[in-house]
Amino acid sequence: MQFCKCGGLLVAEGNKFVCRTCGKEGDKVDVKITSKASQKETVVIENNKPDLPVMKRQCKKCENDQAYYWLIQTRSADEPPTQFFRCTVCKHTWREYK
Ligand SMILES: [Zn+2]
Ligand SMILES: [Zn+2]
């Protein structure tokens, strides 16, 4: 459908358009309908839940005995990696040398 600038409906007459409301010819205005709403991208960052395995380890700061753990090769490759622990409750982080 085509609409006049006045808002009236344009009716095709031959190869022209005539407004039903104001009677003017032509000046058709395309009415764009935006159907797609802008999609919101929600990025959820969960700092409190690191994607790390959990092992039974006594936290030194609280009574919790569950800790995330990961290994980091700190020095040269022939030295054993350092085991890091982070308490699942109080987030206390410590390391232990193997
Ligand atoms: Zn009109
Ligand atoms: Zn703790």
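Here the structure is a predicted model, which means the values were calculated and not measured.

J.: Mind laying out the overall build of the chain, listing which residues take part and the relevant values?
T.: A count of helical and extended segments in the chain gives zero helices and six strands. When the elements of the chain are put in sequence order from the N terminus, they spell out β-β-β-β-β-β. Taking all 98 residues of the chain together, 9% fall into the buried category. Long-range pairs, those at least 24 residues apart, make up 21% of the contacts in the chain between residues at least 6 apart in sequence.

J.: I'd like a rundown of the sheet that holds strand S4 (residues 66–72), residues and numbers included.
T.: One open sheet accounts for four strands, arranged S3-S4-S5-S6; its pairing is antiparallel. A single partner strand is all that each edge strand has here, and the edge strands are strand S3 (54–56) and strand S6 (93–97). Put simply, the sheet's adjacent strands are angled 40° from each other on average, direction ignored. With five bridges connecting them, strand S5 (residues 82–87) and S6 associate as antiparallel partners. Bridge pairing links Phe 85 to Trp 94 in S6.

J.: Requested: an account of the pairing of S5, with residues and values cited.
T.: Where S4 lies against S5, six bridges are found, and the strand directions are antiparallel. Considered in S5, the bridge of Ala 67 is made with Cys 87. Taken together, S5 and the strand that follows it, S6, pair antiparallel across an intervening segment of five residues, in which Lys 91 is found at a positive phi of about 65°.

J.: Please provide a residue-by-residue account of the environment of Glu 25, values included.
T.: Summarising the element assignment, Glu 25 is placed in the loop between strand S2 (16–19) and S3. As a C-alpha pair, Glu 25 and Leu 10 span 15 residues in sequence and 8.4 Å in three-dimensional space. With residues near it in sequence (within four places) discarded, Glu 25 still touches Lys 16, Phe 17 and Val 18.

J.: Run through the environment of Cys 59, naming residues and quoting values.
T.: Within the element layout of this structure, Cys 59 appears in the loop between S3 and S4. Spatially, the C-alpha atoms of Cys 59 and Val 89 are 9.0 Å apart, while their sequence positions differ by 30 residues. In contact with Cys 59, not counting residues within four places along its chain, are Asn 64, Ala 67, Cys 87, Val 89, Cys 90 and His 92.

Rules and cut-offs
- Residues numbered from 1 in each chain as written.
- Chains lettered and ligands numbered in written order.
- Predicted model: local features only at pLDDT ≥ 70, side-chain atom pairs only at ≥ 80, totals over all residues.
- Helix = DSSP H or I, 4+ residues; strand = E, 2+ residues; numbered from the N terminus.
- Buried ≥ 20, exposed ≤ 12 C-beta atoms within 10 Å, placed from the backbone.
- Contact = placed C-beta atoms within 7 Å.
- Pairing = 2+ DSSP bridges.
- Axes fitted to C-alpha atoms, helices over the stretch in contact; angles between N-to-C directions.

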